[in-house]
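Listed below are the residues making up each chain.
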Amino acid sequence: MTAISVSWDAASTRRMDRQGLLTPATTAESSPADIAGRMLGAHAQVASAAELSIALRLDGATRTDVRDALTGGQGARPGTLVKTFGPRGTIHLLPARDLPWWTGALSSVPARPSPFRPEARMTHAQTGEVIAAIGDALTGTELTVDELTEAIVARTGPWAADPVMPAFQTMWPRWRQVTHTAAHHGVLAFGRDRGRKVTYTNPGCTPASPTRSLHALVDRYLRAYGPATAQDFATWLAAPAGWAAELFASLARKDRIEEVSFASGRAWLAASDTVFPDEPPRGVRLLPYFDAYVIATRPRELLFPGAAATRALAGGQAGNHPVLLIDAVAAGVWHQRRTGRRIALTVEPLRRLGKAHRRALDEQVERTGAMLEGTAELTLGKVTVGPHA
């Protein structure tokens, strides 16, 4: 049987459509948590970027709507979104309802080699001891890092607080190297900020079956970003390539995924999820830092063609620059600077904008201002700040 062939345009149109980048979902049919689920999480290292990532996929939404879904304000059900450590061990907003299978999957991904010196590392037993201490200390409360450090030491011993982790020109306590591991085991998530201090809490999540959770993760990944290879999945998840290849092979034997021809090679889709639109991708979007679309979409050389490969990527990594997306490919970078309600928005196109694209950009600038609850003013010109500025 000959594998079906999927074009880049067809894949791009479907990817954008499925996460509301072609036509934003309505608030009547979708919530911020629904959108975060379709994206497979909104990267939240920069909080405002996560808010914008979700809001731009939801018609009429603002950053306050996303914050309310996280905190439970303004009538939103508390905890519909959870801020925690997701794919790649980085901070994400995830739907609370999905946390059991997310933790079931993430806790079963093989750990990468420790980047720390041998004397700074933790043994398997120490890791288990600290994770148990974190879960116990955070149950029913929210603690700052310093408070949690004291609570962990009281339950394990002073070794857990040894300042052995180089971080931001200082040294962090030993236990913090397993912060994301504790989150992946369902015993740690972010609580409400206490002034300028971050807090953590125990979300009370019991990880679901690792096998079923991994299958669910691959299925949702392929439905959102397929066609994709096992290597694409491994890169997106920061998992070992060999492990991902074995996982995909096992799913292929069970007919859970289907091979197709894509981008001059072979890739995978979720089984029977092989219908693609005929229309080419259209539209202008301003994607913020680390938007899920630019992080997950592959092949990267097709998403960042020509000058975009050097201007919109940082050392080959996507997300360090906010991206001007035109017809599903990176076509520039942008930056915003806020003063009160005024948002000075600079866009640096990498190609000449026609009248239709310029009108669409003006609309996106206005919408970006509305989502950020301000008034945006557009300047076309060179973005002078560096990556992740």
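Trainee: Just to check I follow, could you spell out the overall build of the chain for this structure?
Mentor: Scanning the chain for helices and strands turns up 15 helices and 16 strands. By the compact-globule yardstick of 21 Å for 389 residues, the chain fits well, its C-alpha radius of gyration being 21 Å. Along the three orthogonal principal directions, the C-alpha set of the chain runs to about 65 × 60 × 40 Å. Taking all 389 residues of the chain together, 52% fall into the buried category. For the chain, long-range pairs separated by at least 24 residues make up 64% of all intrachain contacts whose partners lie at least 6 apart in sequence. For the chain, the accessible area works out to roughly 17600 Å², and carbon and sulfur atoms hold 51% of it.

Trainee: Hey, could you run me through empty space enclosed by the protein in this one?
Mentor: To find leftover empty space, a probe the size of one water molecule is rolled over the atoms. Scanning the model with the defined rule gives four cavities of 30 Å³ or more in all. Of the volumes computed, that of the largest cavity is approximately 60 Å³. Lining the largest cavity are M39, L40, G41, H43, R88, H92, Y225, W236, F290, A292, I295 and A296. Of all the elements, helix α12 (residues 292–296) adds the most residues to the lining of the largest cavity, at three residues. Here the residues of the lining of the largest cavity sort into eight nonpolar, three polar and one charged.

Trainee: What am I meant to see in the nonpolar core here?
Mentor: F233, W236 and F304 are the most contacted members of the largest nonpolar core, which has 123 residues in total. For this core, the element with the most residues is helix α9 (residues 210–225), which contributes seven residues. Discounting chain neighbours no more than four positions away, the residues touching F304 are V294, A309, A312, L313, A318, V323 and A330.

Trainee: Explain the pattern of salt bridges to me, please; I cannot follow it from the model alone.
Mentor: Oppositely charged side chains may form a pair once their charged atoms are brought near each other. If you walk through the whole model with that rule in mind, you get 18 salt bridges. With its nearest N and O atoms 2.8 Å apart, the salt bridge here joins R18 to D273. Residue R18 is found in helix α1 (residues 8–18), and its partner D273 is found in the loop between β11 (265–270) and β12 (284–287); the two are separated by 255 residues along the sequence. With a relative accessible area of 30%, R18 lands in the partly exposed category. For D219, the salt bridge is made with R223, and the minimal N-O distance between the two is 2.9 Å. One end of the pair is D219 and the other is R223, both in helix α9 and four residues apart, which spans about a single turn. In this structure D219 comes out as partly exposed when scored by relative accessible area, which is 25%.

Trainee: Could you clarify how one ought to interpret the layout of surface pockets in this entry?
Mentor: Counted as a void, the second largest pocket has a volume near 570 Å³. The wall of the second largest pocket is formed by 24 residues, among which L70, T71, F190, G191 and R192 lie closest to the centre. Of all the secondary structure elements, the ones that give two or more residues to the lining of the second largest pocket are α3 (47–55), α4 (63–71), β3 (81–85) and β8 (189–190). Among the elements that line the lining of the second largest pocket, the one with the most residues is α4, at four residues.

Trainee: I tried to follow the environment of T156 on my own but got confused; where do I start?
Mentor: You can see T156 is positioned in helix α7 (residues 145–156). Take T156: its relative accessible area is 15%, and that puts it in the buried class. Sequence separation between T156 and V130 is 26 residues; the distance between their C-alpha atoms is 6.9 Å. Setting aside anything within four residues of it in sequence, one finds T156 in contact with E129, V130 and A133. Among the polar contacts listed, one links the side chain of T156 to the backbone oxygen of I152, at a separation of 2.8 Å.

Trainee: What's the story with unusual backbone geometry in this structure? I'm lost.
Mentor: Across residues other than glycine, the phi torsion is negative in most instances, and most of the peptide bonds are trans. Across the junction of G226 and P227, the peptide omega takes the value 0 degrees, indicating a cis bond. Secondary-structure assignment places P227 in the loop between α9 and α10 (230–237). Cis peptide bonds are those with omega within 30 degrees of zero, and the linkage from R298 to P299 qualifies with 0 degrees. Among the secondary structure elements, P299 is positioned in the loop between α12 and α13 (300–303). In this structure, L40 is a non-glycine residue whose phi angle is positive, near 65 degrees. Tracing the sequence through the fold places L40 in the loop between α2 (32–39) and β2 (42–43). Of note, D255 is a non-glycine position whose phi angle comes to about 60 degrees, a positive value.

Trainee: What is the right way to read the environment of G60 from this model?
Mentor: Positionally, G60 belongs in the loop between α3 and α4. The spacing of G60 and T26 is 34 residues in sequence and 7.7 Å in space, taken between C-alpha atoms.

Trainee: Could you clarify how one ought to interpret the sheet that holds strand β9 (residues 199–201) in this entry?
Mentor: Note: strands within a sheet are paired through backbone hydrogen bonds, in either parallel or antiparallel orientation. Across the sheet, which stays open at both edges, the three strands sit in the order β5-β9-β8 with antiparallel pairing between neighbours. Two strands close off the open sheet at either side, each with one partner strand: β5 (142–144) and β8. In this sheet, β9 lies alongside β5 in antiparallel orientation, the contact comprising three bridges. Looking across to β9, one finds that L143 is bridged to Y200. Sitting on the sheet, α7 touches β5 and β9, and the angle it makes with β5 is about 100 degrees.

Conventions and cut-offs
Residue numbers restart at each chain and count upward from 1, following the sequence in its written direction. Thresholds applied to this predicted model are a pLDDT of at least 70 for local features of residues and 80 or more for the giving and counting of side-chain atom pairs; totals over whole chains, interfaces and linings are not thresholded and use all residues. The basis for every side-chain value is the complete set of heavy atoms in the structure, and neither hydrogens nor water enter the calculation. Here a helix means four or more residues in a row that DSSP labels H or I, a strand means two or more in a row labelled E, and each is numbered from the N terminus. The atom set for the radius of gyration is the C-alpha atoms, and the globule formula is 2.2 Å times the number of residues raised to the power 0.38. For every residue, the accessible area obtained with a 1.4 Å probe (protein chains only) is divided by the maximum for its type, and the residue is called buried under 20%, exposed over 50%, and partly exposed between those limits. Here, two residues are considered to be in contact whenever any of their heavy atoms come within 4.5 Å of each other. Under the convention used here, a 1.4 Å probe and the Shrake-Rupley method define accessible areas, while residue burial counts only the protein chains that appear. A cavity, in this analysis, means grid points on a 1 Å lattice covering only the protein atoms where a 1.4 Å probe fits yet has no way out; a pocket is instead an open set bounded by protein on both sides within 12 Å along at least five of seven lines, and a residue lines either one if it has an atom within 4 Å of a point. Grid points are joined across faces, edges and corners, and a volume is the space filled by probe spheres set on the points. Charged means Asp, Glu, Lys or Arg here, nonpolar means Ala, Val, Leu, Ile, Met, Phe, Trp, Tyr, Cys or Pro, and polar covers whatever is left, Gly included. Definition of nonpolar core: a set of buried residues of the types Ala, Val, Leu, Ile, Met, Phe, Trp, Tyr and Cys, connected through side-chain atoms within 4.5 Å. Any carboxyl oxygen of Asp or Glu that lies within 4 Å of a side-chain nitrogen of Lys or Arg is treated as forming a salt bridge with it. Distance and chemistry together define a polar contact, namely a pair of N or O atoms within 3.5 Å, with one atom able to donate a hydrogen and the other to accept it when in protein, and with adjacent residues in sequence counting only for side-chain atoms on both sides. In this scheme, strands are said to pair when DSSP sees at least two bridges between them. Helix axes are fitted to C-alpha atoms over the stretch in contact, other axes to C-alpha atoms as well, and angles between N-to-C directions run from 0 to 180 degrees.

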